[in-house]
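So you can see what is in the structure, the chains are spelled out below.
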Amino acid sequence: MFLRNNTPSDRVVNLLINSLLVLILLAMLMPIAFMVTASFMPANEIFTMPYRWIPKTFIFSNYFHAVAGNDESFIFIRNLINSLIVALSTAALSVVVSGLAGYGLSKFRFKGRNFIFLMLMGRMMIPFEAIMIPMYITAVRLGLQNTYPGLIMPFILNTFGLFQMRQYLMTFPDDILDAGRIDGLSEMGIFWKLVFKNSTPAIATAAILSFRGQWDNLLWPLLIAQKERMKTIPTYIIKFTEEKSSDEGAMMAVAVLASLPIIILFLTLSKYFLHGSTMYTASKE
Amino acid sequence: MKYIGIEKKKARWGYMFVAPAVLLFFMFSLYPMLNAFYNTFFNIKLLSLRAPKFVGLKNYIFVLNSPSFWNSMKATALFTLGAFIPLTIFSLIFGLIVTSRMRNQKAIQLLMYTPAVLSSVVAALIWMIIFDPRGIGNSIVNNILQTHGIDHRWLTDPVMLRVSTVTIYVWKYIGYFTIIFVTGIAKVPESTLEAATIAGASTMQTIRLIVLPLLKPTTLMVSIVTMLNCLKSFSTQYLFTQRGAPLEPLNVVTLNIYNTAMRDLNISRACVMSFLLFLVMMILTLSRMSSSERNVTEY
Amino acid sequence: MKRMVCLILLTALLMPLFAQGGVEEKAVLDMSAPVTLTIWTHEDANRKVLEQELIAEFMEMNPNVTVDYQTYPSSKMRELLTVSFSANQGPDIFNQSQSVVRQFVIEGRVSALDPEWIGEASLDDVTGRYIPGALAAVEYDGDIHGLPLEYTNFCTYLNKNIFRDAGLDPEKDYPKTWEEVMEVSKKLVLREGEIITRRGYDFRYPSYTMQFLPMVEQLGGKLMSDDGKTAVVGDEAWLQFFTYMRDWGPEGYNLGGPTYLPPRKVFDNNNNEIAMSDSGLYQQGRMKKANPDFFNSDDWMVIPFPQFEDAVVETAGAIACHYYMVNGQIDTLNQMWAWKLVDFMLSHSADYLEQVNLVQPTYELFESDAFAALPFSDVFAADMKKGDLVYFAGNSSAVNDKLKGAVESAMLLGEDPATVLENFRKEIQILIDDE
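K.L.:
Help me understand the interface of chain A and chain C, please; the structure alone is not making it clear to me.
P.N.:
When the parts of a complex come together, some accessible area is lost, and that lost area is often taken as the interface size. Every contact between the two is made by 23 residues of chain A and, on the other side, 23 residues of chain C. Put simply, the parts of the chain that give the side of chain A that touches chain C at least two residues each are α6 (128-141), α12 (219-224) and α13 (233-242) of chain A. It is α6(A) that contributes the most residues to the side of chain A that touches chain C, five residues altogether. For the side of chain A that touches chain C, a count of residues per class yields nine nonpolar, six polar and eight charged.

Dropping the structure here:
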């Protein structure tokens, strides 16, 4: 688009833009490359000046150290599984809740609809740190500390996901819904069989949003998961990096290991990750 | 059974569908928020077993008179401006560059997006080591500027600290917003662009007169979301100060809220600050929306 | 029908919100009733092994007691405890340092010890076990609210090789005063441009009230007046201290700073990165694990906490103390078992010393051969007599942060010490007035 490639001057411009793009990408990927290479180095090699981008010898003990932990309890594996459970179930539940609400808010007229929508959107303006303590007290009263529901429930409602479902469903053809009603499907049936099943792209992007949020979540698991076996990866990283006997190489190894699952997910579902952005552009009512 | 009109019936289903979301909202957002607001009028201390006393607007007066709060407002404002303007402008430019490429568009987008999938804890960890005086931050910058052995003091100089936090933030989110613009640009009708070319418009003219006006709604959404996220930003600043960076330039409102509650145990004052931050966010969002509404180009 | 289901679900979900777990008082303590105790403590790999063994032993002796042992990152412990206690969900047993426990003691969140529970006739017998002042932070209204787990002061670890490398004789040239610390460091430091690649000495930056406040006190300055009403006493001392710190930092002689790696961590590696680092006796355990060759060599030694040349008060580094405490909101039976367990664990002070290098402030331990046998324990013991417990009060963490801010303004921003002092005074005064 935009640029033609006909005249020599066009080609020069193109070449310039291409090299600029390469520079931008290099700069953006530099920290990630650093993380990967440093994870194979002993601490003092990481701080040699200038930095050697290829380790003198590849050291794998950093990875053992990262997984085993300083007490060799291998709790990392359990914590990783916890993170997966929490992130996956939050993602699954949140798309159902967002789907239902998005459907209700886009296809039904009822009193207070706009108010409810604005109220739900207002959540974006509340910093988590501000409501963390009352939230914790609520969770404790519900007996949710050290449980998976405790880690999951407060994040099932995902404002972005909901917003996106609503935007997507607004363009959902009414004819299909009416056809369903004529065929005698119940309202719930219409939702499941016609709406939900035909919204895969929106669902996938909303699910990814929730998954990422939970994978990244630090403060809440720190408060609510007090037992070692209920902790998640971000809390493990904080604990590991703070211990006196962890060196920088092992820290980078933990960082690599913690990033692998999400990067794999990202590469396999890249279509939906990139699609997640459409919500902003479809924001006109 | 009494006959219920079809509209009424539909309305009832509407309520049913939004009920789970509303219930979760009440439990984990509205209740904590009202609780926090109620707390602002009492002198509640965490850990204290004594019954809290009603103090009226005393907490508001204290916070509004405290230099630490205004320093935090300044830190938040500087961070937000510092991150929000480059993020919006550069993601728009990157978006234009990416769409202008014929080949490898998907691959470019994927690579740009990668930093956004890393968790903030991991990002802060990597950058802490990069910004170590002996780390690659200094060596790369010294290499580019052809200076030797200059310590750029990423984590100690107040100006550099702000630059460092903004760098991390922009690095992490620019790919995400670039892709939003890519999607937005892709929606510009091909025929419009062709018409412009036929009419003899140059590339710059096409971008300025056709693409940019059509991107207004996208830009508006991106800027509001970025602004809100910047105002709420917490984890980078928190992890930096935990590692020994000076607090003052990094003491954004959210961090101040956190310290006031967790270190000073003064939950009431923390709630006052949260409420004031909420007000600021609301005013900014509403004014941003209304200012843009007046000149959105329809297509 | 559906509405009923929803309603029932809703009630079921909200029920626990209103159901408050009441705490029952038992008049007669049933010693064989089953009890479960939770312990929260900060992460320390070596100590964890020892304590888990001790707990297993205790559970074998008392089959009705089950113990759940959990470790946390030390920087997060305080937040976790604050939040969980605020929700009345604190652990049965936890440990924290003197500055944090004070808030819990003042607010009445922790159990007062009944000496009979741990087989002592009176509180005086309990106090008598420990050296004077060791229990200061947990004493309140004549009660004792915790027992000390570790008592740590900082002395300076010194790498002799680096001294020799710089043409210094470690035995003769080791610094005795802060002025000498600076002079020696100037000779030891290596840089690439402005970037330091080898430091002479460097401070322990997070521990402001522990390490920096005693420096001011040596010069006759104080954090606040004796009646606790006026902030910052002895302006001359504070000015001299802030000037010293400004000279230390990148705006002065550029000898070190808070963003370089923590000295105590790189010291053990013996990689020619730092010549002197402050730490406690426990550092030897870490060194032994991280770098046994270096530990067993004759290449390091420990020297006392330096004094200023014109010091008016001879003070060594302040002493940090970690206490084990018992939740005061659980029922009496659990409190009793919790104290019994704490006492049982802590009674193995020799094991704590030998396996984890943690020192309990008991007469028994200080007089033991095991203590005397540890390298340089005499240096630590001598300094300990010259030091006090680190400043503890409800606001001590805030004070530590303000002191950090002040030192940084002088050191990193190169602000005028007089300005730094005025700002610091104002901030401390606000904290005092707020109490």
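Next comes the rest of the account.
K.L.:
I would appreciate a short explanation of the interface of chain A and chain B in the present structure.
P.N.:
Across the boundary between the two partners, chain A contributes 72 residues, which contact 78 residues of chain B. Examining the composition of the side of chain A that touches chain B, we find that ten residues originate from one element, helix α1 (residues 8-38) of chain A, more than from any other. Split by residue class, the side of chain A that touches chain B holds 54 nonpolar, nine polar and nine charged.

K.L.:
Please clarify how the sheet that holds strand β1 (residues 35-42) of chain C should be interpreted in this entry.
P.N.:
Hydrogen bonds along the backbone pair up the strands of a sheet, which may run parallel or antiparallel. Residue and element names in this part refer to chain C. Strands sit in the order β2-β1-β3-β14-β6 across an open sheet of five strands; the sheet is mixed. For this open sheet the edge positions go to β2 (65-72) and β6 (146-153), each flanked by a neighbour on one side alone. Strand after strand, the sheet turns through a mean of 20° between neighbouring axes, direction not considered. Pairing between strand β3 (residues 93-97) and strand β14 (residues 319-326): five bridges, direction antiparallel. What sits directly across from Ser 97, in β14, is His 322. Along the sheet, helix α3 (residues 74-86) makes contact with β1, β2 and β3, crossing β3 at roughly 120°.

K.L.:
Whenever I open this one, the pairing of strand β9 (residues 195-202) of chain C confuses me. Can you help?
P.N.:
The side chains of a regular strand alternate, first on one face of the sheet and then on the other. Residue and element names in this part refer to chain C. Most of β9 sits out of view: six of its eight residues are buried. Between the antiparallel neighbours strand β8 (residues 190-192) and β9 lie two residues, among them Gly 193 with a positive phi of about 65°. The pairing of β9 with strand β12 (residues 274-279) spans three bridges and is classified as parallel. The residue of β12 that forms the bridge with Tyr 201 is Met 276.

K.L.:
So what exactly am I meant to see when it comes to the domain arrangement of chain C here?
P.N.:
All names here are of chain C. You can read the domains of chain C as domain 1 (34-152 + 319-385) and domain 2 (155-317 + 390-434). At the junction of the two partners, domain 1 supplies 22 residues and domain 2 supplies 20 residues. Only α4 (98-106), β14 and α18 (377-385) provide two or more residues apiece to the side of domain 1 that touches domain 2.

K.L.:
Is there a simple way to think about the sheet that holds strand β13 (residues 300-303) of chain C in this case?
P.N.:
Residue and element names in this part refer to chain C. Spatial ordering of the open sheet is given by β8-β9-β12-β7-β13, a layout of five strands whose pairing is mixed. The open sheet is flanked by β8 and β13, the only strands paired with a single partner. The mean inter-strand angle of the sheet, taken between neighbouring strand axes irrespective of direction, is 30°. As judged from the four bridges shared by strand β7 (residues 155-159) and β13, these two strands associate in the antiparallel manner. Bridge assignment links Tyr 157 to a residue of β13, and that residue is Val 302.

About the cut-offs
Residues numbered from 1 in each chain as written. Chains lettered and ligands numbered in written order. Predicted model: local features only at pLDDT ≥ 70, side-chain atom pairs only at ≥ 80, totals over all residues. Contact = placed C-beta atoms within 7 Å. Helix = DSSP H or I, 4+ residues; strand = E, 2+ residues; numbered from the N terminus. Nonpolar A, V, L, I, M, F, W, Y, C, P; charged D, E, K, R; others polar. Pairing = 2+ DSSP bridges. Axes fitted to C-alpha atoms, helices over the stretch in contact; angles between N-to-C directions. Buried ≥ 20, exposed ≤ 12 C-beta atoms within 10 Å, placed from the backbone. Domains from an automatic or database assignment.

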